[in-house]
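# Results of the structural survey
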Amino acid sequence: MTTAGRVIAGMTAAGAVLSVSTAAISIFNAFTVPRLSRATDSDVHDSIVVCVPARNEQEQLPLLIADLRAQRRCRDLRILILDDGSSDDTLAAARAAAGDDARVSVVESCAEPPPGWTGKAAACRTLAGLAFEMNEDFDAIVFVDADVRLAADAIAAAASTLRRHDAALVCPWPKQISGSVVEHLVQPLLGFSWMSTLPIRLANRSLRPSTTVSCGQFMMFDVAAYRDIAGHAAVAASVTEDLDIARTLRRSGRHTILVSGAGLVECRMYDGGNDLRAGYSRWLWNAFGGAGGSIAVLSAVSVMYLIPPVAALAGSGAVRRWGRIGYGAAAVSRFAAAQAESADMPGRSITTFRCAVESSAHPLSVAIYLWLTIDSHRSHARGNLEWKQRPLIAEEESPAIERRS
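Cut-off values and rules
Residues numbered from 1 in each chain as written. Predicted model: local features only at pLDDT ≥ 70, side-chain atom pairs only at ≥ 80, totals over all residues. Heavy atoms only, no water. Phe/Tyr/Trp six-rings, centres within 6.5 Å; stacked < 30°, edge-to-face > 60°. Helix = DSSP H or I, 4+ residues; strand = E, 2+ residues; numbered from the N terminus. Buried < 20%, exposed > 50% of the residue type's maximum accessible area, 1.4 Å probe, protein only. Core = buried A, V, L, I, M, F, W, Y, C linked by side-chain atoms within 4.5 Å. Axes fitted to C-alpha atoms, helices over the stretch in contact; angles between N-to-C directions. Parallel < 35°, antiparallel > 145°, perpendicular 65-115°, else oblique. Contact = heavy atoms within 4.5 Å. Nonpolar A, V, L, I, M, F, W, Y, C, P; charged D, E, K, R; others polar.

### Considerations on the packing of aromatic side chains
Each aromatic ring pair is described using two quantities: the centre-to-centre distance and the angle formed by the ring planes. Enumeration over the complete set of coordinates arrives at eight aromatic pairs. Summarising the aromatic geometry, the rings of Y270 and Y280 are spaced 5.6 Å apart at their centres and angled 50° between planes, so their arrangement reads as tilted. Placement of the pair is Y270 in the loop between β10 (265-267) and α11 (273-281) and Y280 in helix α11, with a sequence separation of 10 residues. Taken as a pair, Y270 and Y280 share a single burial class, namely buried.

### Side note on the nonpolar core
Counting 64 residues, the largest nonpolar core has I141, F143, W194, F221, Y226 and Y280 as the members making the most contacts within it. If you tally residues by element for this core, the top one is helix α4 (residues 119-134), at seven residues. Residues L68, V106, A167 and V265 belong to the second largest nonpolar core, which totals 43 residues.

### Re the packing of helix α12 (residues 291-305) against helix α13 (residues 307-314)
At a minimum axis distance of 4 Å, the contact between α12 and α13 shows a crossing angle of 30°. By the angle between their axes, α12 is roughly parallel relative to α13. For the pair formed by α12 and α13, the contact residues are S302, V303, M304 and Y305 on the first element and I307, P308 and P309 on the second. Tallied by class, the residues present in the contact of α12 with α13 amount to six nonpolar, one polar and no charged.

Next up, the structure:
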């Protein structure tokens, strides 16, 4: 065997071994990952403020407001909606959805983010400030994205989980809903990324920032812990503010908890390929600590998930056998991660057959993800990253906030 052949054989075997390891972790998580469970018959006594930043969400926001108004077993629940400079009819849609519900306040902001802030972090800071002005004595503050859907017990279940674990933050990981083919290929990788690499039950007991998993689609904070770290001001310029605020809490000695929200929480982040590309481009350049980290991670991912299937098709002898093992383990890992996210909201269902088909296409999913990461770095280098018609990080002074209800 030539030197090149030995290198290929070694890389294929290494990739197969790593794939088997990730499959073992995925299977472990599929059986053991903590789940957000429906509240018992008893009410939640915490005073809770739910904050929803919304920009150009006229279609999705009314659905979420309806879900929030339908929440059960929350004795003291307030809902703050921020129309963050939308160019569509988000404000009117929010007011119509809120109706005459005294628990819901709709706020309009004509401000741009302050210098050095991302739009999401600035909007969350604005909402938190309004919540503290409204009530100094509430117990938990929740941030929910406008495209999230909630079952009627979701907020109460999250509050119970927060107190049961004596945590500073609980993140119920939403089931990721997909529509187009590219969404079906890429979106499951969000859950797969931690399902296949981190035993969550162990990670939840740790204070190590490196073992943190967090999702900004739904975050419930203990108010005292949130205020002690200065809230979203601690992550003003972060494009992955959800992960960084959880890491900040852990550095301060506080526990953060990830649970599966499947069956109670779901989200369709993007609608089609163009929307998905724009969404991933805004943060993948920073996902692994910069260009060096991205090169290291993408190289490892290629060895695990791209070389084995190629070897299984084009190799021979031991190389082909290792390739088949690696590809099969990756498909099993992807399938196990999907099953952990398989609980459904009422009216939705996901078939085992579809999970199997998507899992078998895992190499294609990984190839698209690699391209999206490279595309994100390219856009960042050109300085043209934006989200929802706004530069990713503000550089100009912002006008004042306008409040209306």
